[in-house]
Amino acid sequence: MPSSRPSVRPGEQPIDRRALVDRHRIRRDAVDPRAPLQVGNGEFALTVDATGLQTFPESHPAAGRDPSAPGSLLGTQSQWGWHSTPRDPEPGIEEAVRTYTTPRGELPYVDLSGRTSTTGPDDGTAEELWLRGNPHRLMLGWIGLAPRTAGRTAWGPEDLQVHEQVHDLWTGIISSEVTLAGVRLSIRTAVHPHRDAVAVEITSAGAEPPALALRFPHGSEAWGNAARWVEDGHITRLQGRDADPRIRRVLDTTQYTVTPRSDGVLVAEQPEAHCVLLHPADHGPGGTWRLALTFDDGDDGDGSGSARPGAASTAPAPAEVFAASARGWEEFWSTGGVVDLSESTDPRAAELERRIVLSQQLTAINCAGSTPPQETGLMVNSWRGKFHLEMHWWHAAHFPVWGRPELLARSMDWYREILPRARATAEAQHARGARWPKQVGPEGRESPSDIGPFLIWQQPHPIHLAELLRRSGHPGVVEELGEVVEATAEFMVDHLAPDGAGHALSPPLIPAQECYGDVKTELTDPTFELASWWWTLRLAEEWRERRGAAPSEELRRARERLPAPAERDGVYAAVRHPVLDRREDHPSVLGALGVTPSTPLVDPSTMARTLDDVLADWQWETTWGWDYPMMAMTATRVGRPDLAVETLLRDAEKNTMLSTGHAWQAEGLPTYLPANGGLLIAVALMAAGWDGSADAPGFPDGFVVRHEGIAPLPE
């Protein structure tokens, strides 16, 4: 958890952080199908229904791309839980490589012979589809209440009456009051901040407590449903059922262990191949039962292995999990950044403050792990659980700016791990340095796609993220990430078109505004990417100096070769092409000033007109959740605080944040963490500004903005 202490401006009383967070604790008295609650720690998370567990997964369906086989939002997922479907021989990435003509010669790209789809199955060869589907993130198991009545194995939603459910954000503990099959139950749920362990406390009124049922699915190559409920092809083995039971899971080469630990003697049974029942021995009517379940990917057979560095060798007791959750979340909220809007008179302030608090909690749970997160976090799969590197900035750039740099630093190590693979991609494309993939699993292999391998806006992100970490004062950043920055810049330089080509960024490429994918062999010089290229190449020069290297004339010349973005009718065009101004998808042209700090390539007054032009007639139903923070950042940079708040809270389907703070996008993306991380980086700019700016440059009259622990962004 964070160690940085908040700063308070002279003459101000510290913000009452407990009161701020408590204002936005989540309370409900009914099932909300789209918005289940979630507990987790960045590496491991559990999403729960009204019982505080996963008793009724059908109450929270996730349609994904196949409505005939829906999954559930009630995920139990981790950063380490991955599986690949065995195939002999296993396809290599060369199965999807195709050659494209570029100004730098004939270059290979990991293409897809068919097409990707956002509404149905992908099209391609069997080998390409295997590469897209593997590895896939696992649903580690459902944990639900189960009857102890002979002959009955499950309850139905009709047996449930919800009285109250409260998520106490200050402690991270969910308390659920329900009546289930006529029995009143009080249930508390929490996840340990440093262990992949969940604790449950069940108090029953006048009846023996129910059992816990652990149900384990196979892995799935489906786009969004991580669970495949079949008996064959995987093993669930209950070990030591009489004392210290453990559940060993084997799915081909993937193995993990679930270790229960109860306050008293525990009874473990395995009535089905992939179901284990747990209940206390000799527990009479009434009273309280506590149980902790630790999930480990260690392979030593004793349940003590762990994917978490420095984790203890024994499973924690339930009381330890609850106490650690309370300590960890109190430390989280007591340190780092905070924004208080309670003194504002603008009626939008309360909703914005709610989104800020809930987004901090959700990104800590879903976006602060040892690998970049998937767009739907640790709640439910999208794109088979793989993560998208162009989204890493949106998920996690806010952490160092909000005084929590270690939550970003965890996943930055992954770039160093896959650096050899990224260097190999660059070499194949006749370039030095590292070309970063787009859609990947933890092994870092690019997924075949007719879009992803042609995107370039993720290339500068490691430099941008590393610089935000450095500015935060996080120790050892220049030494640890210097090679990543250097390799990134080398590829960016070599990716430029030869002198005299009339442009700098050459086809084939697809800009962040992905609707241009059908003309990827024609496009040049997307505006956002040009500005980002200029700014991060300048950073690479500064990083060379910090590492004690000689100044690079090559980097300076590369920046000088970058042309100003194309303009038409007094506004910036998305790409340098005379007939391709499209008004759909991401309005990423605005990212050239906002997401990207000031550069000589972009004129603020022209960008202000571009913002007005976008707001005038964009197809809002085609946008996505991070577009609204992007617009707010641009509005802030060009001196339009009225538009900053207006765009950040714009009433649009893709800008909806549910009662939990999850950003609903569509049936296939029921939550979208880039919107939460984007909101936080936008609010940081709006509140703390940039180097040399006034305070709160993104808030209009009617807002009283008190903030602590948030650093200005680069100028």
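Refer to the structure above for everything that follows.
Reading guide: rules and limits
- Residues numbered from 1 in each chain as written.
- Predicted model: local features only at pLDDT ≥ 70, side-chain atom pairs only at ≥ 80, totals over all residues.
- Heavy atoms only, no water.
- Helix = DSSP H or I, 4+ residues; strand = E, 2+ residues; numbered from the N terminus.
- Rg over C-alpha atoms; globule rule 2.2 N^0.38 Å.
- Buried < 20%, exposed > 50% of the residue type's maximum accessible area, 1.4 Å probe, protein only.
- Contact = heavy atoms within 4.5 Å.
- Areas by Shrake-Rupley, 256 points an atom, 1.4 Å probe, with all protein chains shown as cover.
- Lys, Arg positive; Asp, Glu negative; His and termini not counted.
- Charge placed at Lys NZ, Arg CZ, Asp CG, Glu CD.
- Polar contact = N/O pair within 3.5 Å; in protein donor to acceptor, adjacent residues only side chain to side chain.
- Expected span 1.5 Å × (residues − 1).
- Pairing = 2+ DSSP bridges.
- Axes fitted to C-alpha atoms, helices over the stretch in contact; angles between N-to-C directions.

Here we come to the overall build of the protein chain. Scanning the protein chain from terminus to terminus reveals 16 helices and 30 strands. Taking 715 residues into account, the globule formula puts the C-alpha radius of gyration at 27 Å, and the protein chain, at 26 Å, falls close to it. Across the 715 residues of the protein chain, 64% fall into the buried class. Sequence separation of at least 24 residues holds for 71% of the intrachain contacts in the protein chain that already meet a minimum separation of 6. Only carbon and sulfur atoms are counted for the fraction: they give 48% of the accessible area of the protein chain, which is about 24,300 Å². On the protein chain, the mean spot of the 67 positive side-chain charges and the mean spot of the 99 negative ones are 2 Å from each other.

Time to look at the side chain of serine 588. Relative to the helices and strands, serine 588 is located in the loop between β27 (571-572) and α13 (604-617). In terms of polar contacts, serine 588 uses its side chain to reach the backbone amide nitrogen of glutamine 513, at 3.3 Å. Once you skip the residues sitting within four places of it in the chain, serine 588 turns out to touch Ala512, Gln513, Phe528 and Met630.

A few words on α13. Between its first and last C-alpha, α13 extends 21 Å over 14 residues, near the 20 Å set by a 1.5 Å rise per residue. Check the buried side of α13 and you find it contacts β26 (567-568), β27, α14 (627-637) and α15 (641-648).

Adjacent strands of a sheet pair through backbone hydrogen bonds, lying either parallel or antiparallel. Judged by pairing direction, the sheet is antiparallel, and its four strands sit side by side in the order β11-β16-β21-β20 without closing on themselves. Only two strands of the sheet have a single neighbouring strand rather than two, namely β11 (142-146) and β20 (266-272). Strand after strand, the sheet turns through a mean of 25° between neighbouring axes, direction not considered. In this structure, strand β16 (residues 211-215) lies alongside strand β21 (residues 275-280), joined through four bridges in antiparallel fashion. Looking at the pairing, arginine 215 lines up with cysteine 275 of β21.

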